[in-house]
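A closer look at the structure
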Amino acid sequence: MDIKTGQMKSAGKSAKFREMKEGTAEDWAIIQGHYMEFASDVADRVLTHLKLLEGDFGGFPVCRLEHSLQTATRAHRDGRGERYVVMALLHDIGDTLGTYNHPDVAAAIIKPFVTEEEHWICQHHGAFQGYYFFHFLGMDKDIREQFRDSPYFDACAEFCEKYDQAAFDPDYDSEPLEFFEPMVRRVMAKPLSSMYVEDDAA
């Protein structure tokens, strides 16, 4: 799909039904063809949306895109795998649309492409990040303790300590977005799990 026009790249037939219950195998074969074409461009759409964070400081020492790049760069230089690095890059992509629940937005985007642990880290990093500043806002800095029994508690705490909370340094030499683009494309080329895609191992 062309992001600017909302039109499919390839013209083709359209399904004929007015309600899904009227659909035929032919209708759904047409839709499936369009779906696979559209799904193949998900990395482009994600990268385009990530760029919306550029120049958005919100009072922070660096803009939200630089924070994302710095978080991912720190994870990459620490030897983390590509899925983890992509999670680090996209962990705040929900800031523009999910002002009150940005971790949930980011977690939903990356869920098909990362491990259960990486998804959990992304989904809960907001509560864990609060450990460093919630008390200055009259909130409970230990709100993350509600997740203490999770097997991923320590991994999320480590993500925030080593990469997320540390990624506001205006003098840090972050890798540019172009450095991470191939990783995003590789990770998002095929989901690890999705009810819309058959599992090759099945």
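So, a few notes on the structure that sits alongside this text. Every value quoted in this text rests on a predicted model; they were computed, and no experiment measured them.

Looking at the packing of aromatic side chains
Evaluated as defined, the whole model comprises 13 aromatic pairs. Summarising the aromatic geometry, the rings of Phe17 and Trp28 are spaced 5.6 Å apart at their centres and angled 25° between planes, so their arrangement reads as stacked. Taken together, the residues span a long stretch of sequence, with Phe17 in the segment before α1 (25-39) and Trp28 in helix α1 at a distance of 11 residues. Exposure remark for Trp28: the relative accessible area of 37% places this residue in the partly exposed category. Ring pairs connect the aromatic residues Trp120, Phe128, Phe147, Tyr152 and Phe153, which therefore count as one cluster. Here the guanidinium or amino end of Arg144 rests over the ring plane of Tyr131, the centre of that ring lying 3.9 Å away.

Regarding the packing of helix α5 (residues 102-110) against helix α6 (residues 116-129)
Close contact between α5 and α6 brings their axes to 7 Å; oriented N to C, the two are set at 165°. As judged from the angle between their axes, α5 and α6 are roughly antiparallel. Here α5 and α6 pass one another in a crossing that is right-handed. Between α5 and α6, the contacting residues are His102, Pro103, Asp104, Ala106, Ala107 and Ile110 on the first element and Glu118, His119, Cys122, Gln123, His125 and Gly126 on the second. Across the contact of α5 with α6, the residue classes tally to 5 nonpolar, 5 polar and 2 charged.

With respect to the nonpolar core
In terms of nonpolar packing, the biggest core is built from 43 residues, with Leu50, Leu89, Leu90, Phe128, Phe159 and Met188 touching the most fellow members. Elements that contribute at least two residues to this core include exactly α2 (42-50), α3 (64-77), α4 (82-90), α5, α6, α7 (153-164) and α8 (177-187). Excluding anything up to four places from it in sequence, Phe128 contacts Trp120, Arg144, Phe147, Phe153, Cys156, Ala157 and Cys160.

Side note on the pattern of salt bridges
Scanning the entire structure with this criterion turns up 11 salt bridges. As a salt-bridge pair, Glu19 and Lys21 come within 3.6 Å of each other at their nearest N and O atoms. Among the residues examined, Glu19 registers a relative accessible area of 40% and is labelled partly exposed. Looking at Lys21, the relative accessible area reads 74%, which means it is exposed. Members of the salt-bridge network, linked through shared partners, are Asp78, Arg80, Glu158 and Lys162.

Reading guide: rules and limits
- Residues numbered from 1 in each chain as written.
- Predicted model: local features only at pLDDT ≥ 70, side-chain atom pairs only at ≥ 80, totals over all residues.
- Heavy atoms only, no water.
- Phe/Tyr/Trp six-rings, centres within 6.5 Å; stacked < 30°, edge-to-face > 60°.
- Helix = DSSP H or I, 4+ residues; strand = E, 2+ residues; numbered from the N terminus.
- Buried < 20%, exposed > 50% of the residue type's maximum accessible area, 1.4 Å probe, protein only.
- Lys NZ or Arg CZ within 6 Å of the ring centre and 35° of its normal.
- Axes fitted to C-alpha atoms, helices over the stretch in contact; angles between N-to-C directions.
- Parallel < 35°, antiparallel > 145°, perpendicular 65-115°, else oblique.
- Left-handed = near helix turned anticlockwise from the far one by under 90°.
- Contact = heavy atoms within 4.5 Å.
- Nonpolar A, V, L, I, M, F, W, Y, C, P; charged D, E, K, R; others polar.
- Core = buried A, V, L, I, M, F, W, Y, C linked by side-chain atoms within 4.5 Å.
- Salt bridge = Lys/Arg side-chain N within 4 Å of Asp/Glu carboxyl O.

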